[in-house]
Every structure is written in structure tokens, then in C-alpha cells.
Amino acid sequence: MARINFDLQELQAFVAVAERASFRAAADDLHLSQPALSRRIDKLESILGARLLERTTRRVALTQVGRVFLERARTAIDELESAVLSIGDLAAQRGGLVTVACVPSVAYYFLPSVIRDYTERFPRIRVRIIDETANTVLNSVVTGRADFGISFFGTQEPDVDFKAVLREDFVLAVRRDHPLASRRSVSWEALAQERFMTVAKESGNRLLIDDALAKSGKRTVSAFEVSHIMTLLGLVEAGLGVAAVPQLAMPQAGHATLTSVKLEHPRVTRTLGLIARRGRPLAPAAQQLYNLIHQAGKSAKRKPAPNP
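Residues numbered from 1 in each chain as written. Predicted model: local features only at pLDDT ≥ 70, side-chain atom pairs only at ≥ 80, totals over all residues. Heavy atoms only, no water.

- The name an unreviewed UniProt entry gives the chain is Hydrogen peroxide-inducible genes activator, with Achromobacter kerstersii as the organism.
- What the UniProt record of the chain gives under Sequence similarities (unreviewed entry) is the line "Belongs to the LysR transcriptional regulatory family." (UniProt positions renumbered as here; feature names shortened; annotations may be inferred.)

### Section: the overall build of the chain
Logical step 1: Summing up its helical and strand segments, the chain has 10 helices and 12 strands in all.
Logical step 2: By its C-alpha atoms, the chain is 75 × 45 × 35 Å across when sized along the principal axes.
Logical step 3: Expressed as a percentage of its 308 residues, the buried residues of the chain come to 45%.
Logical step 4: Partitioning the contacts of the chain with sequence separation of at least 6, the portion at a separation of at least 24 is 75%.
Logical step 5: Looking at charge distribution, the chain has the averaged site of its 42 positive side-chain charges lying 1 Å from that of its 32 negative ones. (Helix = DSSP H or I, 4+ residues; strand = E, 2+ residues; numbered from the N terminus. Buried < 20%, exposed > 50% of the residue type's maximum accessible area, 1.4 Å probe, protein only. Contact = heavy atoms within 4.5 Å. Lys, Arg positive; Asp, Glu negative; His and termini not counted. Charge placed at Lys NZ, Arg CZ, Asp CG, Glu CD.)

### So, the packing of helix H1 (residues 8–20) against helix H2 (residues 23–30)
Logical step 1: At a closest axis distance of 8 Å, the pairing of H1 and H2 adopts a crossing angle of 130°. Judged by the inter-axis angle, H1 sits oblique to H2. Relative to H2, H1 is oriented so that their crossing is right-handed. Where H1 approaches H2, its residues Gln 12, Ala 13, Ala 16, Val 17 and Arg 20 are matched on the opposing element by Phe 23, Ala 25, Ala 26, Asp 29 and Leu 30.
Logical step 2: Class assignment for the residues of the contact of H1 with H2 results in 7 nonpolar, 1 polar and 2 charged. (Axes fitted to C-alpha atoms, helices over the stretch in contact; angles between N-to-C directions. Parallel < 35°, antiparallel > 145°, perpendicular 65-115°, else oblique. Left-handed = near helix turned anticlockwise from the far one by under 90°. Nonpolar A, V, L, I, M, F, W, Y, C, P; charged D, E, K, R; others polar.)

### Considerations on the side chain of Thr 99
Logical step 1: Structurally, the position occupied by Thr 99 is in strand S3 (residues 96–102).
Logical step 2: At a separation of 2.7 Å, a polar atom in the side chain of Thr 99 contacts the side chain of Arg 128.
Logical step 3: Those residues in contact with Thr 99, other than ones at most four positions away along the chain, are Arg 128, Ile 130, Arg 145, Ala 146, Asp 147 and Phe 148. (Polar contact = N/O pair within 3.5 Å; in protein donor to acceptor, adjacent residues only side chain to side chain.)

### Overview of the pattern of salt bridges
Logical step 1: Scanning the entire structure with this criterion turns up 17 salt bridges.
Logical step 2: The partner of Asp 42 in a salt bridge is Arg 55, and the shortest N-O contact between them spans 3.6 Å. Here Asp 42, found in helix H3 (residues 34–48), pairs with Arg 55, found in strand S1 (residues 53–55); they are 13 residues apart in sequence, far enough to count as distant.
Logical step 3: Classification of Arg 55 by relative accessible area gives partly exposed; the value is 32%.
Logical step 4: Here the salt bridges share partners, and the residues they tie into one network are Asp 42, Glu 45, Arg 51 and Arg 55. (Salt bridge = Lys/Arg side-chain N within 4 Å of Asp/Glu carboxyl O.)

### Some words on the confidence of the model for the chain
Logical step 1: Chain-level statistics for the chain give a pLDDT mean of 85 and a share of 91% at 70 or above.
Logical step 2: Taken as a whole, residues 302–308 scores under 50 in pLDDT and shows 10 contacts with residues more than four places along the chain or in a different chain. (pLDDT = per-residue confidence, 0-100.)

### Overview of the packing of aromatic side chains
Logical step 1: Applying the stated criterion to the full structure yields 5 aromatic pairs.
Logical step 2: Aromatic side chains Trp 188 and Phe 196 sit 6.2 Å apart centroid to centroid with 70° between the ring planes, which places their arrangement in the edge-to-face category. Judged on exposure class, the residue Trp 188 and its partner Phe 196 are both buried. (Phe/Tyr/Trp six-rings, centres within 6.5 Å; stacked < 30°, edge-to-face > 60°.)

### So, the domain arrangement of the chain
As a measure of interface size, the accessible area lost when the parts come together is often cited.
Logical step 1: In terms of domain boundaries, the chain breaks down into domain 1 (8–88), domain 2 (97–165 + 272–301) and domain 3 (167–270).
Logical step 2: Once you take the C-alpha centre of each, domain 1 and domain 3 turn out to be 45 Å apart. (Domains from an automatic or database assignment.)

### Quick look at empty space enclosed by the protein
Logical step 1: This structure, assessed with the given rule, holds 4 cavities of 30 Å³ or more.
Logical step 2: Computed from the structure, the largest cavity encloses a volume of approximately 130 Å³.
Logical step 3: Residue lining of the largest cavity: 13 residues in total, with Pro 104, Thr 133, Ser 203, Asn 205 and Ser 227 positioned closest to the centre.
Logical step 4: For the lining of the largest cavity, the elements supplying multiple residues, two or more each, are helix H5 (104–107) and helix H8 (204–215).
Logical step 5: Both domains that meet at the lining of the largest cavity, namely domain 2 (97–165 + 272–301) and domain 3 (167–270), each give it at least three residues. (1 Å grid on protein atoms, 1.4 Å probe; cavity = no way out; pocket = protein on both sides within 12 Å on 5 of 7 lines; lining within 4 Å. Points joined across faces, edges and corners; volume = space filled by probe spheres on them.)

### Structural notes on the pairing of strand S11 (residues 258–264)
Logical step 1: Counting buried residues along S11, 5 of its 7 residues qualify, which places the element largely inside the surrounding structure.
Logical step 2: Here strand S6 (residues 160–175) runs beside S11; their pairing, made up of 5 bridges, is antiparallel. Bridged to Val 174 within S11 is Thr 259.
Logical step 3: The sheet contact formed by strand S7 (residues 185–187) and S11 spans 3 bridges and is parallel. Bridge pairing in S11 links Ser 187 to Glu 264. (Pairing = 2+ DSSP bridges.)

The following block contains the structure:
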């Protein structure tokens, strides 16, 4: 039987370059210099006797051999991690990197508490968060840039498994000193009298709102449009108007400035879920975080929305 003369570091280097399609990005992920990373790839290719990557000044691409070897390298790394993480106390000493793609409205208030619990349990595993739009989150998962994602898009994608975690309402974000803050609920029609702010039409959240309002014969006119939910909350906090945001995007009850009011007629909701590539099991470290997020989402579902 042929002797294997390369080690885990060479495999990890190859997988990192293949998934990021960039020596610079892969070197940053692995905390290596680019020359050191190149030496690992060169050593692996030399031992295998085959070119795995095609390099040009503009891009890095897998060869046919590289595409076949990538899946086997991933499987080998995953199985080794599984063996290590399954050995009780050794799990806490395991290093590594888990990448999660997440829509910003979930990343800001919901995700940090889960990450805190995860890092307390696995202090040597680093977590990278790609907090971008729903389309970017989906693309990051499909291309392998992220281990898995948290989004409300992906249910119709053939290459993605979407596991629903919770269904949440869109609420009206207002300042505590705003006249609407004392209301138990407010209709969308009532917002015609307010300075209403929203995310841009390219946002997945905007698509959900516009679709729900169109079906009920309602519409809104916005005074401000921004790209991200968290920017909306900053404008609300500054007293520039009111905004419809997902419940999870709101700070916890007791925030000094902001509060939420139930939005009705129509009720607009979104279903958040965990998305992962179909047919490819998560690495053990990623699976642990995936499970914690799923549990936290179920707990959040059972908690009542904070009162104004």
C-alpha cells in the first residue's frame, strides 16, 4: 500500500484555498503567510503527482483532479474532527474555524448569546460571521464559503436544506417617547400619518413586506430608505421616524430608547431557518453550533414579545 506522506495541514490548506478561491483569503483564515500557504499546496501536489489548482494572476480554480480530491479531503477532515470531538473532555481543547452566514437582523441581538454559549463550551474554536443580505447568505452556503447559514430564503433551492426554526412578526419600531409607543397595536393604514422609514427594495425583508401589503391592498410611502435593518433602528432612535422591522432585530425589553408595537391588518411574518448544503454533512464543530442555534430559536419562539 502506498505511504501517505502529507499531513492534515496540507489538506486544510488545500480545502481553504479551494473554498475561498483565493490564496490571500485562505492565508488569512489559516493565519499563514501566502508563501507558507503556497508551500503547503506545492508539497501536496508534489506528493500526489497531480495539479490540484490552476493559478492565474486573477483567479484560482480547481482542476478536474482537484474537484474530485476536494470532496475526499473534506470527508477526511470531517471524520478526523468527529473522532476528536467525540472524545469528551478533548472537545473543549479542539481548535478550528466555523463560518456562519447570517442576515444582519438576526446577527445583532439574537446570535451573540448563542456564540457566547458556544465559545464557553469550545473556547479554541473560532467563529466567523458573514452578516450580509439574504441573497449573500444563500450564496455563501451554496458556494461553500460558509458552513451553514441563518436566513428566511432558501426553501425553494434544490441544493439547500432549509430547517425552519421560528416564525416571527414584523413590528413597528418606535422611540419610547413617541405617541404610538403606548399603543398595544397599530394598523398599517395608521402609518400614513407617520414618517415611515424602510429598507430598500433590494432587501429580502422589503420584498416580504411589499408582498403582504399588496395582497391586502395596502401600501406605504417611505421618507427614508436604507440598506440594513440596523441602520433603520439608528434612525428611529434618533427620532427621525418609525420603521417596520422583524421582532428579533429589536433590542431586549428595557432598552432606554427603543420599543416595539404590534403591527396588524395585515400581520406580516417571516420564517427563519437554518440552511445548509444538501447531501453534505456538517463538520462536527459546525454541527455543534448549528444545534445550539436551533435550540435557541425554539426557545425564542416560546417567549412572548416584549411589551412596550
